[in-house]
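Notes for the structure review
Read off the chains here:
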Amino acid sequence: MKRIQRIGILTAGGDSPGLNAAIRAVGKTAVGQYGWELIGFRDGFLGMIEDHWVDLDKRGLVGMLTLGGTVLGTSRDKPHRMPSEDGGTKDMTGAIVKTYRRHKLDALVCIGGGGTHKNAARLVEKGLNIVSLPKTIDNDVALTDDTIGFDTALGIATEVLDRLHSTAHSHHRIIIAEIMGHRAGWLALGAGIAGGADVILVPEIAYDVKKVAAAIRRRSEHGSNFSIVSVAEGAMPKSDALQLEKLLKQRDKARTDEERKKTKQALAAWDKARAGHTMRLASQLEELTHLEARVTILGYVQRGGTPSCHDRLLATRLGTAAVEFIRAGKFGQMVATRGDELVGVPISKVAKNIKTVPADHGWIAAARRVGTSLGD
Ligand code: F6P
């Protein structure tokens with residue numbers, strides 16, 4: 001097996017707490033223990049396209065464990081679809097391969113979520129030695145139990161729900177907290193349970209606003225004239241879910257470029273029409289319950305700041321394991337958590353899937369058992 005001398009690392013997709021802890025863990029093991037060189041590429045895959053990098057030597061790895069964000073910067077760029085001068089797109093995957101070869105890299109560590117794994121899978125196909133780590137506050141990366149950043153975001157969202165309780169109670173209001181998570185409900189569900197939300201709405205369970213209102217009215221009848229609703233940004237009423245299902249079926253059936261373009265446009269229009277859906281939910285609930293409703297959108301607060309102990313520990317376990325994967329020549333793999341174990345899973349499989357909340361998941365059962373309405 002070839003002796004490892006130099007490796008690269010990048011962070012891509014939305015930032016999340018614990019990224020720096022992961023970079024540090026890779027660096028301390030690769031540079032500190034094995035004497036390899038480590039190059040950090042700036043702003044995700046863009047740094048590899050533009051050959052924009054920084055040397056991560058021992059001095060460059062200090063003070064990172066508790067730092068939020070990513071010292072390398074990040075972007076959501078897709079190398080195979082970069083903007084071109086004529087307003088279209090061009091495939092820059094070749095530029096990445098060249099940068100990898102120019103730096104004589106023996107491996108590249110890619111830290112990211114779903115989009116990053118799609119990009120990484122293309123690089124694996126081009127023959128690059130890639131090891132990846134799962135990171136996203138959404139916890140929706142396939143084939144891993146956990147992702148770097150989820151626990152911190154869960155803690156922040158839970159604290160927000162705790163704080164919203166006292167003001168909702170004092171003003172006899174419905175307070176709807178919109179929580180991130182893209183198309184998955186892990187954050188809204190987890191924080192909703194931990195923060196004692198009365199209603200939790202997730203993308204995986206289409207809701208009926210009348211049932212949500214009925215749950216809130218029942219609470220009022222029993223003397224609790226306020227309610228906390230934890231709503232995932234991707235949650236939707238049944239009517240939206242039906243429309244989406246239809247559009248997705250059309251997309252899957254599309255055979256020609258024209259058909260594919262049309263269904264893509266229809267899906268984008270559907271997405272656009274949903275802007276402000278949490279505000280609409282608030283006014284519908286006001287009408288149906290005669291209680292005042294307010295919306296708090298947690299937004300980027302959930303992604304910022306110091307990582308939790310859990311995320312520091314997870315990032316350190318995953319980052320150090322990534323280096324051991326490289327030493328062992330286990331390429332094309334993501335280091336995943338499975339219970340207490342760390343296992344390797346093919347990046348190609350991760351790229352093709354997304355981990356949403358299964359209908360029979362224990363968190364759903366627990367929420368129902370404590371009397372939380374899931375709007376269905
Ligand atoms: O994937 C993490 C995430 O924070 C999602 O929860 C959210 O939908 C999205 O990123 C926001 O993306 P952006 O940072 O591009 O606005």
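Residues numbered from 1 in each chain as written. Predicted model: local features only at pLDDT ≥ 70, side-chain atom pairs only at ≥ 80, totals over all residues. Heavy atoms only, no water.

**Observations concerning the site of the ligand**
To keep things clear, this is the line we draw: In these notes, residues near a molecule or strand are those with any non-hydrogen atom within 4 Å of it. In protein, a polar contact requires one atom able to donate a hydrogen and another able to accept it; more generally it is a pair of N or O atoms within 3.5 Å, and residues adjacent in sequence count only if both atoms are side-chain atoms. With residues, only the protein chains shown are counted as cover, and all accessible areas are computed by Shrake-Rupley using a 1.4 Å probe. Three residue categories are used. Nonpolar comprises Ala, Val, Leu, Ile, Met, Phe, Trp, Tyr, Cys and Pro, charged comprises Asp, Glu, Lys and Arg, and polar comprises the others, including Gly.
Close to the ligand lie Arg76, Thr136, Ile137, Asp138, Met180, Gly181, His182, Glu233, Tyr300 and Arg303, which account for all nearby residues. Contact distances for the ligand include 2.8 Å between an oxygen atom and a side-chain N or O atom of arginine 76. Tyrosine 300 places a side-chain nitrogen or oxygen 2.4 Å from an oxygen atom of the ligand. Isolated, the ligand exposes 390 Å² of accessible area, and the fraction of that covered by the protein chains is 73%. Grouping the amino acids of the shell around the ligand by side-chain chemistry returns three nonpolar, three polar and four charged.

**A look at the pairing of strand β12 (residues 333-338)**
Cut-off, in case you're wondering: Here, a strand pair is defined by DSSP locating no fewer than two bridges between the strands. Helix and strand assignments follow DSSP, with helices taken as H or I runs no shorter than four residues and strands as E runs no shorter than two, numbered in order from the N terminus.
Across two bridges, the pairing between strand β7 (residues 130-134) and β12 is parallel. Note on β12: the bridge partner recorded for valine 131 is glutamine 333. Pairing analysis gives six bridges linking β12 to strand β13 (residues 341-346), with the strands arranged antiparallel. Among the inter-strand pairings, valine 335 is bridged to a residue of β13, identified as glycine 344. Connecting the antiparallel pair β12 and β13 is a turn made up of two residues, with glycine 339 showing a positive phi of about 60 degrees.

**Here's the deal with the domain arrangement of the protein chain**
Applied cut-off: Boundaries of every domain are those given by an automatic assignment or by a domain database. Note on contacts: a residue pair is in contact if any heavy atoms of the two residues lie within 4.5 Å. What gets called buried area is simply the loss in accessible area from a 1.4 Å probe that two parts show on being joined, summed for both. Here, a salt bridge means any Lys or Arg side-chain nitrogen found within 4 Å of an Asp or Glu carboxyl oxygen.
Domains assigned within the protein chain are domain 1 (6-149 + 307-339) and domain 2 (153-236 + 274-303 + 359-369). The C-alpha-based centres of domain 1 and domain 2 are spaced at 34 Å. In this complex, domain 1 contributes ten residues to the contact, which on the side of domain 2 involves nine residues. Where domain 1 abuts domain 2, roughly 770 Å² becomes buried across the two surfaces, and 50% of that area is made up of carbon and sulfur atoms. A per-residue breakdown of the area domain 1 buries against domain 2 is headed by Asp15, Ile137 and Asp138, which together make up 57% of the total. At the junction of domain 1 with domain 2, the criterion picks out one salt bridge.

**Looking at the packing of aromatic side chains**
In plain terms, the rule: Pairing of aromatic rings covers Phe, Tyr and Trp, the last counted by its six-membered ring, and requires centre-to-centre distances within 6.5 Å; plane angles under 30 degrees mean stacked, over 60 mean edge-to-face, and any other angle means tilted. Between buried and exposed lies partly exposed: a residue is buried under 20% and exposed over 50% of the maximum accessible area for its type, with that area taken using a 1.4 Å probe on protein chains only. Look at NZ for Lys and CZ for Arg. If either is within 6 Å of the ring centre and within 35 degrees of the ring normal, a charge sits over the ring.
Tallied over the entire structure, the rule returns three aromatic pairs. Between the aromatic rings of phenylalanine 150 and tryptophan 363, the centroid separation amounts to 6.4 Å while the plane-to-plane angle is 15 degrees, which identifies the pairing as stacked. Separated by 213 residues along the polypeptide, phenylalanine 150 in helix α5 (residues 150-171) and tryptophan 363 in helix α13 (residues 362-369) bring together distant segments of the chain. Overall, phenylalanine 150 belongs to the buried group, its relative accessible area being 5%. Ring geometry for tryptophan 186 against tryptophan 363: centres 5.7 Å apart, planes inclined by 85 degrees, an arrangement best described as edge-to-face. Taken together, the residues span a long stretch of sequence, with tryptophan 186 in helix α6 (residues 186-194) and tryptophan 363 in helix α13 at a distance of 177 residues. Linked through ring pairs, Phe150, Trp186 and Trp363 together constitute an aromatic cluster. The aromatic ring of phenylalanine 325 is capped on one face by lysine 330, whose charged end is 4.1 Å from the ring centroid. In this structure, lysine 355 packs its charged tip against the face of tryptophan 186, placed 5.4 Å from the ring centre.

**Examining α5**
Stated precisely, the cut-off is as follows: A helix is expected to span 1.5 Å for every residue after the first.
Spanning 22 residues, α5 covers 31 Å between terminal C-alpha atoms, matching the ideal 32 Å at 1.5 Å per step. Burial in α5 covers these residues: Phe150, Thr152, Ala153, Leu154, Ile156, Ala157, Thr158, Leu161, Leu164 and Ala168. Next to the buried residues of α5 lie β8 (173-179), α6, β10 (227-232), β11 (292-297), α11 (309-327) and α13. Directly beyond the C-terminal end of α5, a positive phi value near 55 degrees is found at histidine 172.

**Describing the sheet that holds β12**
How we decide: Lines fitted to C-alpha atoms define the axes here, with helix axes fitted over just the stretch in contact, and angles between the N-to-C directions of these axes take values from 0 to 180 degrees.
The mixed open sheet is built from seven strands, whose spatial order is β3-β2-β1-β6-β7-β12-β13. Two strands close off the open sheet at either side, each with one partner strand: β3 (53-55) and β13. Sheet twist, expressed as the average angle between the axes of neighbouring strands with direction ignored, equals 25 degrees.

**A few points about the environment of phenylalanine 325**
One can find phenylalanine 325 in helix α11. Counting along the chain gives 28 residues from phenylalanine 325 to isoleucine 297, while the straight-line C-alpha distance between them is 40 Å. The contact partners of phenylalanine 325, leaving out residues within four places of it in the chain, are Val131, Lys330, Gln333, Val335, Val343 and Gly344.

**A closer look at the sheet that holds β8**
With parallel pairing, the four strands of this open sheet are ordered in space as β9-β10-β8-β11. Looking at strand neighbours, the two that pair on one side only are β9 (199-201) and β11, the edges of this open sheet. Averaged over all pairs of adjacent strands, the angle between their axes in this sheet comes to 20 degrees, without regard to strand direction. Summarising the sheet, β8 and β10 pair through six bridges and their orientation is parallel. Paired with isoleucine 176 across the two strands is valine 229, which belongs to β10.

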